[in-house]
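Coordinates in review
The lines below spell out each chain.
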Amino acid sequence: MEPRIFKAAVLAVIASLSVAGTGKADVNARDGGPSRSEMLARSNTGAPDGSAFFRPVLDGVLYRGGFSGGDKGRTGLSSSQREALCSEGFSRGFYADFGKNTDYGVTSCGDGNFDYQAARSSRPANVMKAIHDVIKNGDGPVYVHCMWGVHSSGALSAMALVQFCGWSEERAKEYWNDARNGAPCSGGCDKWIDAKFDRFSVDQSLSISDAERAAICPK
């Protein structure tokens with residue numbers, strides 16, 4: 001091989017290794033569902049700075065998280081965090097239960113937009129509808145977060161697994177508990193998650209195909 005060609009080949013390999021080393025993930029990829037380890041990891045690639053417990057729930061469709069150290073001012077995602085999520089390809093975001101001082105709205109980035117809204121874990125209908133829209137329209141994924149990333153965002157994620165993946169309520173609650181990372185619950189954790197699921201039921205109008213389910217639901 002000529003020295004010039006050899007050098008170009010080496011540089012190409014180095015470049016590919018550098019990209020791989022960044023851990024950059026394609027959050028839009030619907031390639032068979034996240035693994036259990038990804039769903040329970042303390043964090044995964046693609047998380048905006050200052051976030052915690054960034055985890056996939058439905059491949060290319062739903063991610064969850066919270067704030068490192070909590071969001072004591074309840075001001076929600078910063079402009080830089082919204083821009084980062086928008087740039088990653090996220091199309092929608094929901095702050096579950098705590099964002100009373102949050103300025104919601106749409107953040108634009110290049111050709112994309114990130115629509116940031118409030119949500120309630122005891123009233124999940126709007127989040128389920130947004131997730132369904134993303135599945136059907138091929139939009140960028142939804143990011144659901146709460147103050148810490150363990151309780152409310154987990155409840156909405158557990159409900160999504162029942163709604164779109166056919167999980168039983170019992171299995172979804174076990175997932176919520178496993179992903180809680182031992183965080184306490186006021187009044188007891190079983191009582192807390194049971195109360196949330198008392199307000200939830202599967203919406204038959206939000207059905208998806210077997211092929212869609214196979215592409216996004218956990219392995």
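A brief report on the enclosed structure follows. (Residues numbered from 1 in each chain as written. Predicted model: local features only at pLDDT ≥ 70, side-chain atom pairs only at ≥ 80, totals over all residues. Heavy atoms only, no water.)

**Structural notes on the overall build of the chain**
Across its full length, the chain carries eight helices and six strands. In sequence order, the secondary structure elements of the chain are arranged as α-α-β-β-α-β-β-β-α-β-α-α-α-α. Out of the 219 residues in the chain, the part that is buried amounts to 46%. A separation of at least 24 residues holds for 69% of the contacts in the chain among residues at least 6 apart in sequence. About 10,700 Å² of surface is accessible on the chain, with carbon and sulfur atoms providing 51% of the total. (Helix = DSSP H or I, 4+ residues; strand = E, 2+ residues; numbered from the N terminus. Buried < 20%, exposed > 50% of the residue type's maximum accessible area, 1.4 Å probe, protein only. Contact = heavy atoms within 4.5 Å. Areas by Shrake-Rupley, 256 points an atom, 1.4 Å probe, with all protein chains shown as cover.)

**Structural notes on the pairing of strand S3 (residues 92–96)**
Most of S3 sits out of view: five of its five residues are buried. With burial as the criterion, each face of S3 is covered, one bearing Arg 92, Phe 94 and Ala 96 and the other bearing Gly 93 and Tyr 95. The pairing of S3 with strand S5 (residues 112–119) spans five bridges and is parallel. Bridge pairing links Arg 92 to Asp 115 in S5. As defined by bridge partners, S3 adjoins strand S6 (residues 142–145) across four bridges and the pair is classed as parallel. Bridge pairing in S6 links Phe 94 to Val 144. (Pairing = 2+ DSSP bridges.)

**Some points on the nonpolar core**
Core analysis: the largest hydrophobic core is formed by 41 residues, its most contacted members being Leu 58, Leu 62, Ile 131 and Phe 164. Mapped onto this core, the elements with two or more residues apiece are strand S1 (51–58), S3, helix H4 (125–137), S6, helix H5 (152–165), helix H6 (169–178) and helix H7 (189–197). Ranked by residue count, the leading element in this core is H5, at nine residues. For Leu 62, the contacting residues outside a window of four places in its chain are Pro 56, Val 57, Ile 131, Pro 141, Val 142, Val 144, Ser 157 and Ala 160. Counting 14 residues, the second largest nonpolar core, distinct from the first, contains Phe 54, Leu 85, Tyr 95 and Tyr 143. (Core = buried A, V, L, I, M, F, W, Y, C linked by side-chain atoms within 4.5 Å.)

**Some words on the packing of H4 against H5**
At a minimum axis separation of 10 Å, H4 and H5 run at an interaxial angle of 55°. When the axis of H4 is compared with that of H5, the two are oblique. The element H4 and its partner H5 pack so that their crossing is right-handed. Contact residues: Val 127, Met 128, Ile 131, His 132 and Ile 135 in H4; Leu 156, Met 159, Ala 160, Gln 163 and Phe 164 in H5. (Axes fitted to C-alpha atoms, helices over the stretch in contact; angles between N-to-C directions. Parallel < 35°, antiparallel > 145°, perpendicular 65-115°, else oblique. Left-handed = near helix turned anticlockwise from the far one by under 90°.)

**A short note on the sheet that holds strand S2 (residues 62–67)**
The six strands are arranged S1-S2-S6-S3-S5-S4 in an open sheet whose pairing can be described as mixed. Where the open sheet ends on each side, the last strands, each with one partner, are S1 and strand S4 (105–109). When the angles between neighbouring strand axes are averaged without regard to direction, this sheet yields 20°. Where S1 lies against S2, five bridges are found, and the strand directions are antiparallel. Each bridged residue has a counterpart across the sheet, and for Leu 58 the counterpart in S2 is Leu 62. Packing against the sheet, H4 makes contact with S1, S2, S3, S5 and S6, and its axis sits at approximately 160° to S3.

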